[in-house]
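Residue-level structural notes
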Amino acid sequence: MARSAIGRLFAGLRCLPVGNTQLQTQCSRWSSERTGVEASMFSHKPRDFSLPNPSWGEEMKRLYKHYNLQSEEAAGQGEDGEWWTRLPSYNRSLKYATGGVYLSKMIQSKARLFTRNIRDPGAAFEYVLFFRNDKQRCLCIFQAGHLLEGPPGHVHGGAIATMIDTVTGTHASLLSAPVMTANLNINYRSPIPLGSTVLIESTLDKEEGKKKFISCKVSSTDGSKLHTEATALFVSISVSHLLRG
Ligand SMILES: CCCCCCCCCCCCCC(=O)SCCNC(=O)CCNC(=O)[C@H](O)C(C)(C)COP(=O)(O)OP(=O)(O)OC[C@H]1O[C@@H](n2cnc3c(N)ncnc32)[C@H](O)[C@@H]1OP(=O)(O)O
């Protein structure tokens, strides 16, 4: 039973990102309603973690406003031009899919997305992700909380890798869900101060069959400092791949 439920779920997931207009319509709805997900047949709305909360610093708020404004303007503009659309973010990615809220209670119900599992706002990963309408680029505003310390006063390299995997992985999922990270190659150029806000930008370099090659850079919000550079390879998988473990 679980197998067929998951099969239906990913059929839903696949039709979400791949159909361009469908996704745009969906995401315009997401951004304009600011609810995080359209009402499901179970009429339960999960918490959208990418909305502002009191832990956000001035820079995080300023950048969010800047890109979210473009998102809202685009919703009323039709499909011409280029714009960013905010992606909602839940503590289980199953909740993106039709019926997912219900399924996430059935399958491994205690599982939570690594980056969204800390209750104290601002303590760890505070981020919001936007994607460009042509899906060639994603942009993430990331505020690193005090629980992410590595070298004293600076962000842990594993936490930076986690955010890069999250941004590039979400980007690849928008192109064709479901995917898994096959390779992640990171160069750390300059440390990120704990508590600071940085920009994480991902770019689709090429697609070859099941493979998506994505590059990524983490930089200061004024663009003057490059913190980290990475390349990633994502491979599209079948649902049975996940079930095999
Ligand atoms: C709407 C959006 C929602 C988004 C929500 C998400 C939010 C959260 C986002 C968080 C995101 C977190 C994400 C995570 O953290 S994912 C968790 C970390 N990743 C894993 O655990 C993956 C483990 N590995 C595997 O499962 C398999 O090996 C995969 C699936 C990767 C490949 O499977 P498989 O081995 O069966 O593939 P294939 O034989 O069909 O080969 C296919 C092609 O790929 C090429 N290849 C394979 N491996 C490599 C490699 N290492 N370097 C270079 N190339 C490689 C291969 O040569 C072939 O090329 P070609 O011969 O065709 O040219």
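Please read these numbers as outputs of a predicted model, since none were measured by experiment.

The next thing to look at is the site of the ligand. The immediate surroundings of the ligand are formed by 21 residues, with Ser93, Gly169, Ser173, Met180 and Ala182 found nearest. When contributions to the shell around the ligand are tallied by element, the ones reaching two or more residues are helix 1 (2-18), helix 5 (157-175), strand 4 (179-188) and strand 7 (226-236). For the shell around the ligand, the leading source of residues is helix 5, giving six residues. Class assignment for the residues of the shell around the ligand results in ten nonpolar, eight polar and three charged.

With that out of the way, let us pick up the UniProt feature "domain: Thioesterase" (unreviewed entry) in the protein. Look at the UniProt record and you will see "domain: Thioesterase" (unreviewed entry) annotated at residues 153-224. Here residues 153-224 is 26% helix and 44% strand, with 20 Å between the C-alpha atoms at its ends.

What follows concerns the confidence of the model for the protein. For the protein, per-residue confidence averages 83 on the pLDDT scale, and 78% of positions sit at 70 or higher. Predicted confidence is poor over residues 1-43, with pLDDT under 50, and the contacts of this stretch with residues over four places away or in other chains come to 69 contacts. Two summary scores accompany this predicted model of the complex, namely pTM at 0.86 and ipTM at 0.96.

Glancing now at the nonpolar core. Within the largest apolar cluster, 38 residues are counted, with the highest numbers of intra-cluster contacts made by Tyr127, Leu129, Cys140, Phe142, Met163, Val167 and Ile200. Secondary structure elements with two or more residues in this core: strand 1 (84-87), strand 2 (125-132), strand 3 (137-144), helix 5, strand 5 (197-208), strand 6 (211-220) and strand 7. Leaving out residues up to four positions away in the same chain, Val167 has contacts with Leu129, Cys138, Cys140, Ile200, Ser202 and Cys216.

A few words now on the sheet that holds strand 7. Taken in spatial order, the seven strands make up an open sheet running 1-2-3-5-6-7-4, and their pairing is antiparallel. Edge positions in the open sheet fall to strand 1 and strand 4, since each of these has one partner strand only. The average angle at which neighbouring strand axes cross in this sheet is 25°, direction not considered. Most of the contacts of helix 5 go to strand 4, to which it runs at about 135°, and overall it touches strand 1, strand 2, strand 3, strand 4, strand 5, strand 6 and strand 7.

About the thresholds
Residues numbered from 1 in each chain as written. Predicted model: local features only at pLDDT ≥ 70, side-chain atom pairs only at ≥ 80, totals over all residues. Near = placed C-beta within 6 Å. Helix = DSSP H or I, 4+ residues; strand = E, 2+ residues; numbered from the N terminus. Nonpolar A, V, L, I, M, F, W, Y, C, P; charged D, E, K, R; others polar. UniProt positions renumbered as here; feature names shortened; annotations may be inferred. pLDDT = per-residue confidence, 0-100. Contact = placed C-beta atoms within 7 Å. Core = buried A, V, L, I, M, F, W, Y, C linked by C-beta atoms within 7 Å. Buried ≥ 20, exposed ≤ 12 C-beta atoms within 10 Å, placed from the backbone. Pairing = 2+ DSSP bridges. Axes fitted to C-alpha atoms, helices over the stretch in contact; angles between N-to-C directions.

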